[in-house]
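The residues making up each chain are set out below.
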Amino acid sequence: MELRLTKDINKRFWYLFPWVLSLVSLANYFTGWEFQYFVFNELEDYGELLFVLLVLACESALITVFILWMIHKVMSKYGIKGKMH
């Protein structure tokens with residue numbers, strides 16, 4: 001099965017993605033990943049940081065696509081003509 005996104009989502013993805021990434025990163029900084037306990041004295045620590053950033057980017061991309069998909073569905077259901085069409 002191939003996942004194809006609509007042209008609306010493809011055009012608007014990069015407008016919303018940085019905001020979602022920032023919010024998810026802030027939430028994980030204070031609650032999830034415990035960055036305050038990281039010590040950067042070995043190469044392994046930088047690899048762990050890179051892994052965390054990759055996971056945050058993937059999570060943010062999924063959230064962004066879901067938000068844009070929901071906006072598209074709501075606008076098409078109620079017949080709202082706007083910038084999404």
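Whatever comes next refers back to the structure up there.
Residues numbered from 1 in each chain as written. Predicted model: local features only at pLDDT ≥ 70, side-chain atom pairs only at ≥ 80, totals over all residues. Heavy atoms only, no water.

1. Observations concerning the overall build of the protein chain
Line of reasoning, step 1. When you go through the protein chain residue by residue, the secondary structure sums to 2 helices and 0 strands.
Line of reasoning, step 2. In terms of overall dimensions, the protein chain has C-alpha extents of about 55 × 30 × 20 Å along its principal axes.
Line of reasoning, step 3. By residue count, 22% of the 85 residues in the protein chain fall in the buried class.
Line of reasoning, step 4. Sequence separation of 24 or more characterises 63% of the internal contacts of the protein chain that already satisfy a separation of 6 or more.
Line of reasoning, step 5. For the protein chain, the exposed surface amounts to about 7,000 Å²; the carbon and sulfur share of it is 68%.
Line of reasoning, step 6. Between the centroid of the 8 positive side chains of the protein chain and the centroid of its 8 negative side chains there is a distance of 32 Å. (Helix = DSSP H or I, 4+ residues; strand = E, 2+ residues; numbered from the N terminus. Buried < 20%, exposed > 50% of the residue type's maximum accessible area, 1.4 Å probe, protein only. Contact = heavy atoms within 4.5 Å. Areas by Shrake-Rupley, 256 points an atom, 1.4 Å probe, with all protein chains shown as cover. Lys, Arg positive; Asp, Glu negative; His and termini not counted. Charge placed at Lys NZ, Arg CZ, Asp CG, Glu CD.)

2. Here's the deal with the nonpolar core
Line of reasoning, step 1. Judged by nonpolar contacts, Val20, Val24, Phe35, Phe38, Val52 and Leu56 together constitute the single largest core of 6 residues.
Line of reasoning, step 2. Among the elements of the structure, helix 1 (7–32) and helix 2 (43–77) are those that each provide at least two residues to this core.
Line of reasoning, step 3. With sequence-adjacent residues up to four places away left out, valine 24 is seen in contact with Leu56, Glu59, Ser60 and Ile63. (Core = buried A, V, L, I, M, F, W, Y, C linked by side-chain atoms within 4.5 Å.)

3. Notes on helix 2
Line of reasoning, step 1. An ideal rise of 1.5 Å per residue puts 51 Å on 35 residues; helix 2 measures up with 51 Å between its terminal C-alpha atoms.
Line of reasoning, step 2. Inspection of helix 2 places Asp45, Val52, Leu56, Ser60, Thr64, Leu68, His72 and Met75 among the buried residues, and these make up the whole buried set.
Line of reasoning, step 3. Downstream of helix 2 by one or two residues, glycine 79 has phi in the positive range, about 70 degrees. (Expected span 1.5 Å × (residues − 1).)

4. Some words on the packing of aromatic side chains
Line of reasoning, step 1. Under the defined criterion, the tally for this structure stands at 4 aromatic pairs.
Line of reasoning, step 2. When the ring of tryptophan 14 is compared with that of phenylalanine 17, the centres are 5.4 Å apart and the planes differ by 80 degrees; the resulting orientation is edge-to-face. Residue tryptophan 14 and its partner phenylalanine 17 are located together in helix 1, separated by 3 residues, close to a single helical turn.
Line of reasoning, step 3. Given a relative accessible area of 11%, phenylalanine 17 falls into the buried group.
Line of reasoning, step 4. Ring plane angle 35 degrees and centroid distance 6.2 Å describe the contact between phenylalanine 66 and tryptophan 69, whose orientation is recorded as tilted. One end of the pair is phenylalanine 66 and the other is tryptophan 69, both in helix 2 and 3 residues apart, which spans about a single turn. (Phe/Tyr/Trp six-rings, centres within 6.5 Å; stacked < 30°, edge-to-face > 60°.)

5. Side note on a nonpolar patch on the surface
Line of reasoning, step 1. Together, Ile63, Phe66, Ile67, Trp69, Met70 and Ile71 line one region of the surface with nonpolar side chains, adding up to about 500 Å² of accessible area.
Line of reasoning, step 2. For isoleucine 63, the position within the fold is in helix 2.
Line of reasoning, step 3. For isoleucine 63, a relative accessible area of 31% translates into the label partly exposed. (Patch = residues over 30% accessible without salt bridge, like charges linked within 9 Å, V, L, I, M, F, W, Y side chains within 5 Å. Salt bridge = Lys/Arg side-chain N within 4 Å of Asp/Glu carboxyl O.)

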